[in-house]
Amino acid sequence: MARSTLTRDEVLDAATSLVKQHGPAALTMRKLAAELGTAVTSIYWHVGNREQLLDALVERTVEEMGAIRPVGRTPAERILSVARVLRRELRERPHLIAMVHERGLTERMFLPAQQALVHEVHVAGLRGARAADVVRAIQFQIVGFLLVERNRERSPAQSPAESDLWDPAAAPHDPALARALARPADPERLFLLSVQALTATLLTAASPTGRDAPRASR
């Protein structure tokens, strides 16, 4: 029996769930109507045709990605919090993020997080082109790490595996290193480590001793 009431948000919630699980190709008006227990005509009434529905999902994704709020006592801690949330949000929405990218709205989607980073580097004492370089370096680190992480996850099983290549006998001068490299990588820990190290290095430019540090060559 078809539902007597339905809201636009409910339609978008169901469509988002389908796209998250199976990708945009799995999102058909008929399948969405079945998920909601309603008629296809009701879906059209609330969101228009399929392209309009996809546009609405993209707009919603952009809005949701703008809800990142820094937390922490220092600029470095708040930058790390932005990085952690941004990575999590991007990982949870790969199909939706791809749709945003295909519609040319990636920069708009990242703007709120970028603005949050700008605020923190200003608090740290950076201004002008140096501040812009820091914001972009951190942003590139976040996105670049995620791309490498996703690529590793999608790669076929490797033979020999890293655990085979780093048998302790392969590094007799540092068996502890060999044992560590033989274990599976912890992406979350490595991500936080890399962002912390990069942020700490970049923000030294705001300190009296680091203000005149040489800039990277172009």
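To be clear, the structure that these remarks concern was listed above.
In short, a report on the structure. The structure displayed is predicted, hence computed values, not measured ones.

Thresholds, definitions, all that
- Residues numbered from 1 in each chain as written.
- Predicted model: local features only at pLDDT ≥ 70, side-chain atom pairs only at ≥ 80, totals over all residues.
- Heavy atoms only, no water.
- Phe/Tyr/Trp six-rings, centres within 6.5 Å; stacked < 30°, edge-to-face > 60°.
- Lys NZ or Arg CZ within 6 Å of the ring centre and 35° of its normal.
- Helix = DSSP H or I, 4+ residues; strand = E, 2+ residues; numbered from the N terminus.
- Buried < 20%, exposed > 50% of the residue type's maximum accessible area, 1.4 Å probe, protein only.
- Contact = heavy atoms within 4.5 Å.
- Expected span 1.5 Å × (residues − 1).
- Polar contact = N/O pair within 3.5 Å; in protein donor to acceptor, adjacent residues only side chain to side chain.

This part covers the packing of aromatic side chains. A ring pair, where both rings are aromatic, is described by two values, the distance of the centres and the angle of the planes. By the definition in use, this model includes 1 aromatic pair. Cation over ring: Arg 87 sits above Phe 191, and NZ or CZ is 5.3 Å from the ring centre.

The next thing to look at is the side chain of Ser 81. Mapped onto the fold, Ser 81 is located in helix α5 (residues 75–92). A relative accessible area of 5% means that Ser 81 is categorised as buried. Once residues within four sequence positions are removed from consideration, Ser 81 is found in contact with Pro 70 and Val 71.

Moving on, we come to unusual backbone geometry. Residue Pro 160 is reached from Ser 159 by a cis peptide bond, and omega for that bond is 5 degrees. Its location among the elements puts Pro 160 in the loop between α8 (128–154) and α9 (162–165).

With 16 residues, helix α4 (residues 50–65) extends 23 Å from end C-alpha to end C-alpha; this agrees with the ideal 22 Å at 1.5 Å per step. Of all the residues in α4, the buried ones are Leu 53, Leu 54, Ala 56, Leu 57, Val 58, Arg 60, Thr 61, Val 62 and Met 65. Residues of α4 that are buried sit in contact with α1 (8–22), α2 (29–36), α3 (40–47), α5, α6 (94–102) and α7 (106–123). Between the side-chain oxygen of the N-cap and the backbone nitrogen of Glu 51 there are 3.2 Å, and the N-cap of α4 in question is Asn 49.

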